[in-house]
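So you can see what is in the structure, the chains are spelled out below.
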Amino acid sequence: MGLLYNWSHLEIRILRLRDLQHFFTLLFFHAIASSISSHCDLMQAHFSRQHEIGELAKLNRKFSLEHRMDLKKYVRYAGAILLIRNTATSYLPMAYSVFLVLRTVVFSHSPTQHLPVITYFHYPKGYETWQVQLALNAFATYFYVMNTIFGSVIVMSNYFLGHISWYQLSLCVRYVRQLDAIESWEQARLHRLMNCVIKYHQHIMIHHSKFIRLSRVSILAYTFSCTFQLCTYIYSIIEMRKVKFIIQMVFTLILLYAFSSYGQKIVDEGERVRECLYDCEWVGRPLWFQKNLLIIMSRTLSSTEINCYGLLAINRLRFSKTLQAAYTYFNFLKGTVIQ
């Protein structure tokens with residue numbers, strides 16, 4: 001958010017739209033803050049490893065070492081990226097604003113007429129006092145503080161819950177291959193491992209459904225927010241010749257691509273589980289094995305795609321569709337402005 005009163009008519013339209021988007025984003029952060037504990041419960045259940053097959057402990061350890069992900073490290077990275085971005089747009093201008101105000105009030109310098117701009121808050125003409133500017137700058141800085149804290153936590157928690165779904169599906173592929181390698185004469189071990197694989201796959205589907213229920217609102221809001229931001233960034237770059245928005249647009253595209261690609265990885269891994277089950281040798285196996293194999297194969301027909309209320313699905317096509325939607329909104333906005 002920022003403070004200027006002499007924007008052109010075109011810029012005022014864009015700034016008012018961004019003000020509205022920033023306001024709803026702030027409300028959204030506060031609304032879903034209570035769901036973070038549920039995200040933590042799902043992650044804790046995964047890291048406890050209580051649902052993994054204990055008989056294949058060596059396979060579990062090897063797979064865990066190959067695909068280990070440091071949660072704290074990636075949260076710190078996400079927080080650092082948001083902190084650097086928001087420091088340039090908000091924290092440094094706010095610090096300089098406080099310095100100018102202190103210089104005016106304490107050291108009796110000449111009155112401050114205009115404080116540094118914190119993008120992007122439309123400032124109506126006629127209210128250009130430094131007191132109002134400081135208050136709005138403080139509100140804008142509060143938004144960016146919440147953006148840094150909740151943005152890093154919420155984005156990374158959804159990212160890690162998606163990673164857990166991918167991890168469990170990939171581990172299930174290894175379990176199925178181990179099951180297929182057991183000889184038919186090892187009836188007791190075959191029966192025991194088949195039951196464990198069925199239970200583990202059932203746990204995966206339960207975890208994944210909980211992940212979708214917890215994250216679909218935030219993912220839906222984030223996708224619409226990215227579409228809107230990209231639309232306004234494109235408009236600012238092309239129509240208003242504001243090159244500085246390229247950096248923010250690139251940042252938004254990186255996060256959007258990360259979500260889209262990880263959603264596609266989850267879908268691909270679910271299909272790998274299905275393919276491994278189809279490739280299992282069932283000829284000559286006991287009848288109970290064939291029935292159980294048929295049951296788990298029918299369970300894998302359920303898609304692992306992250307679907308948000310049927311409105312959108314997170315997969316590889318989501319990235320290109322979001323760009324197309326942003327460009328469509330840009331053309332619509334351009335047309336309304338010309339009129």
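Scroll up a little and you will see the structure.
Predicted, not measured: the structure shown is a model, and the values here were computed from it.

**Considerations on the overall build of the protein chain**
For step 1, the next point in the chain: Scanning the protein chain for helices and strands turns up 9 helices and 2 strands.
For step 2, the next point in the chain: Sequence-ordered secondary structure for the protein chain, helices as α and strands as β, is α-α-α-α-α-α-α-α-β-β-α.
For step 3, the next point in the chain: By the burial criterion, 47% of the 339 residues in the protein chain qualify as buried.
For step 4, the next point in the chain: Considering only contacts in the protein chain between residues 6 or more positions apart, those separated by 24 or more positions represent 82%.
For step 5, the next point in the chain: A total of about 17,800 Å² of accessible surface is found on the protein chain, and carbon and sulfur atoms cover 63% of it.

**Some details on the packing of aromatic side chains**
For step 1, the next point in the chain: In total, this model carries 6 aromatic pairs according to the counting rule given.
For step 2, the next point in the chain: Plain terms: the ring middles of Tyr175 and Tyr200 are 5.1 Å apart, the flat faces sit at 70 degrees to each other, and that makes the pair edge-to-face. Taken together, the residues Tyr175 in helix α5 (residues 130-181) and Tyr200 in helix α6 (residues 187-238) connect sequence positions 25 residues apart. Considered together, Tyr175 and Tyr200 belong to a single accessibility category, that of buried residues.
For step 3, the next point in the chain: Look at Tyr235 and Phe330: their rings are 6.1 Å apart centre to centre, the planes differ by 65 degrees, and that puts the pair in the edge-to-face class. Pair noted here: Tyr235 is in helix α6 and Phe330 is in helix α9 (residues 316-338), with a separation of 95 residues, a long-range link. In this pair, the class of Tyr235 matches that of Phe330, namely buried.
For step 4, the next point in the chain: Here the aromatic residues Tyr235, Tyr327 and Phe330 are joined through ring pairs into a cluster of three or more.
For step 5, the next point in the chain: Positioned above the aromatic ring of Trp166, the side-chain terminus of Lys265 is 4.6 Å from the ring centre.

**Some details on the packing of helix α2 (residues 36-47) against α6**
For step 1, the next point in the chain: With their axes 11 Å apart at the nearest point, α2 and α6 run at an angle of 160 degrees to one another. Relative to α6, the element α2 is oriented roughly antiparallel. Viewed along their axes, α2 and α6 form a crossing whose handedness is left-handed. Between α2, through Ser38, His39 and Leu42, and α6, the contact on the second element is made entirely by His207, Lys210, Phe211, Leu214 and Ser215.

**Focus on the pattern of salt bridges**
For step 1, the next point in the chain: Within this structure, the stated rule accounts for 4 salt bridges.
For step 2, the next point in the chain: Across the pair Glu55 and Arg189 runs a salt bridge, and its minimum N-O distance is 3.0 Å. Note that Glu55 is positioned in the loop between α2 and α3 (57-66) and Arg189 in helix α6, a separation of 134 residues in sequence.
For step 3, the next point in the chain: Residue classification places Arg189 among the partly exposed positions, given a relative accessible area of 29%.
For step 4, the next point in the chain: Among the ionic pairs, Arg316 bridges to Asp268, the shortest N-O distance being 3.8 Å. Linking Arg316 in helix α9 with Asp268 in helix α7 (residues 245-278), this pair joins segments that are 48 residues apart in sequence.
For step 5, the next point in the chain: Using a relative accessible area of 28% as the deciding quantity, one classes Asp268 as partly exposed.
For step 6, the next point in the chain: Within this structure, Glu55, Arg189 and Arg192 form a network of salt bridges that share partners.

**Remarks on the environment of Ser209**
For step 1, the next point in the chain: By the secondary structure assignment, Ser209 is in helix α6.
For step 2, the next point in the chain: The sequence separation of Ser209 and Ser165 amounts to 44 residues, and the corresponding C-alpha distance is 9.8 Å.
For step 3, the next point in the chain: A polar atom in the side chain of Ser209 sits 2.7 Å from the backbone oxygen of Ile206.

Cut-offs applied
- Residues numbered from 1 in each chain as written.
- Predicted model: local features only at pLDDT ≥ 70, side-chain atom pairs only at ≥ 80, totals over all residues.
- Heavy atoms only, no water.
- Helix = DSSP H or I, 4+ residues; strand = E, 2+ residues; numbered from the N terminus.
- Buried < 20%, exposed > 50% of the residue type's maximum accessible area, 1.4 Å probe, protein only.
- Contact = heavy atoms within 4.5 Å.
- Areas by Shrake-Rupley, 256 points an atom, 1.4 Å probe, with all protein chains shown as cover.
- Phe/Tyr/Trp six-rings, centres within 6.5 Å; stacked < 30°, edge-to-face > 60°.
- Lys NZ or Arg CZ within 6 Å of the ring centre and 35° of its normal.
- Axes fitted to C-alpha atoms, helices over the stretch in contact; angles between N-to-C directions.
- Parallel < 35°, antiparallel > 145°, perpendicular 65-115°, else oblique.
- Left-handed = near helix turned anticlockwise from the far one by under 90°.
- Salt bridge = Lys/Arg side-chain N within 4 Å of Asp/Glu carboxyl O.
- Polar contact = N/O pair within 3.5 Å; in protein donor to acceptor, adjacent residues only side chain to side chain.

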